[in-house]
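Results of the structural survey
One-letter residues, chain by chain:
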Amino acid sequence: MSTTLLREQLSFDQAGLVIESEGTGERKDLYLKGIFIQAAVENQNKRTYPVEEISKAVDAINEQIAKGHSVLGEVDHPSDLKINLDRVSHVITKMWMDGPNGFGKMKIIPTPMGNIVKTMLDSGVKLGVSSRGSGEVDDSTGKVRNFEIVTVDIVAQPSAPNAYPKPVFEGLMNMRHGHRVIEASSDVSADPRVQKYLRESVLRLSKDLKL
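Quick caveat, the model's predicted, so the values are computed rather than measured. (Residues numbered from 1 in each chain as written. Predicted model: local features only at pLDDT ≥ 70, side-chain atom pairs only at ≥ 80, totals over all residues. Heavy atoms only, no water.)

Quick word on the overall build of the chain
- When its secondary structure is counted, the chain shows six helices and eight strands.
- Reading the helices (α) and strands (β) of the chain from amino to carboxyl end gives β-α-β-β-α-β-β-β-α-β-β-α-α-α.
- By the burial criterion, 46% of the 211 residues in the chain qualify as buried.
- Intrachain contacts of the chain at a sequence separation of at least 6 include 62% that bridge at least 24 residues.
- Of the accessible surface of the chain, which amounts to about 11,300 Å², a share of 49% is contributed by carbon and sulfur atoms. (Helix = DSSP H or I, 4+ residues; strand = E, 2+ residues; numbered from the N terminus. Buried < 20%, exposed > 50% of the residue type's maximum accessible area, 1.4 Å probe, protein only. Contact = heavy atoms within 4.5 Å. Areas by Shrake-Rupley, 256 points an atom, 1.4 Å probe, with all protein chains shown as cover.)

Looking at the side chain of Lys 105
- When you line up the elements, Lys 105 lands in strand E6 (residues 101–108).
- Among the residues examined, Lys 105 registers a relative accessible area of 11% and is labelled buried.
- Of the polar contacts made by the side chain of Lys 105, one reaches the side chain of Glu 22; its length is 2.7 Å. (Polar contact = N/O pair within 3.5 Å; in protein donor to acceptor, adjacent residues only side chain to side chain.)

Side note on the packing of aromatic side chains
- Tallying each qualifying case throughout the model produces two aromatic pairs.
- Their ring planes at 70° and their centres at 4.9 Å tell us that Tyr 49 and Phe 147 sit as a pair that is edge-to-face. Of this pair, Tyr 49 sits in the loop between strand E3 (27–37) and helix H2 (51–66) while Phe 147 is found in strand E8 (residues 144–156), placing the two residues 98 residues apart along the sequence.
- Classification of Tyr 49 by relative accessible area gives buried; the value is 1%.
- Taking the centre distance of 6.0 Å and the plane angle of 20° together, the rings of Trp 96 and Phe 103 count as stacked.
- Residue Trp 96 is classed as partly exposed on the basis of its relative accessible area of 27%.
- By relative accessible area, which is 18% here, Phe 103 ends up buried.
- When the ring centre of Trp 96 is taken as origin, the NZ or CZ atom of Lys 94, which lies over that ring, is 5.3 Å away.
- Positioned above the aromatic ring of Tyr 31, the side-chain terminus of Lys 105 is 4.6 Å from the ring centre. (Phe/Tyr/Trp six-rings, centres within 6.5 Å; stacked < 30°, edge-to-face > 60°. Lys NZ or Arg CZ within 6 Å of the ring centre and 35° of its normal.)

So, the sheet that holds strand E7 (residues 127–137)
- Here three strands make up an open sheet; going across it, the order is E1-E7-E8 and the pairing antiparallel. Taken across any chain shown, the strands that pair with only one partner, and hence form the sheet edges, are strand E1 (3–10) and E8. On average, each strand axis in the sheet is inclined to that of its neighbour by 20°, with strand direction left out of account.
- Examined bridge by bridge, E1 and E7 share eight bridges and lie antiparallel to one another. (Pairing = 2+ DSSP bridges. Axes fitted to C-alpha atoms, helices over the stretch in contact; angles between N-to-C directions.)

Laid out in structure tokens, this is it:
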């Protein structure tokens, strides 16, 4: 039994995601809160996470946060456990157990990818979450042990199993003038005209990706 890269996806509805806004005046922070990972049920990948494994992993994340470490997440999954700073969209502020499930709260930060996520959420696009970690899987039972969460990423929910849309960044760069959207996202909070351009461009991308 060897250590395996584990990724488990939940849709907007499965995660019960709630969008929150905190702050006053023009400075308001956007958050997503809900189930980050489920325990004691067989998921679509035929794996089962015992409650005690999820609880230990949640405690480890909170310990990192308490020590001042930033638990960063990305838009869509990379192929490994590495955090790619150019794709970071949010930071996990806390996690906790509620029944058998690991809940969490993430703050959308004003990076280029974070601004794309914010614009999508503001436009009513439903996004999901997906945990990324490592552990050992029993081939006969599908049970996971020695589980460690690295982060929780923001993902698009596929319309059918294994029907994953293009990553947001790739989709943007394939659009006509897509590079301008990426550049504009860094200035989205400063200019109403940029906000309008970014919103319209992301809505077109959402339609193209059938989100």
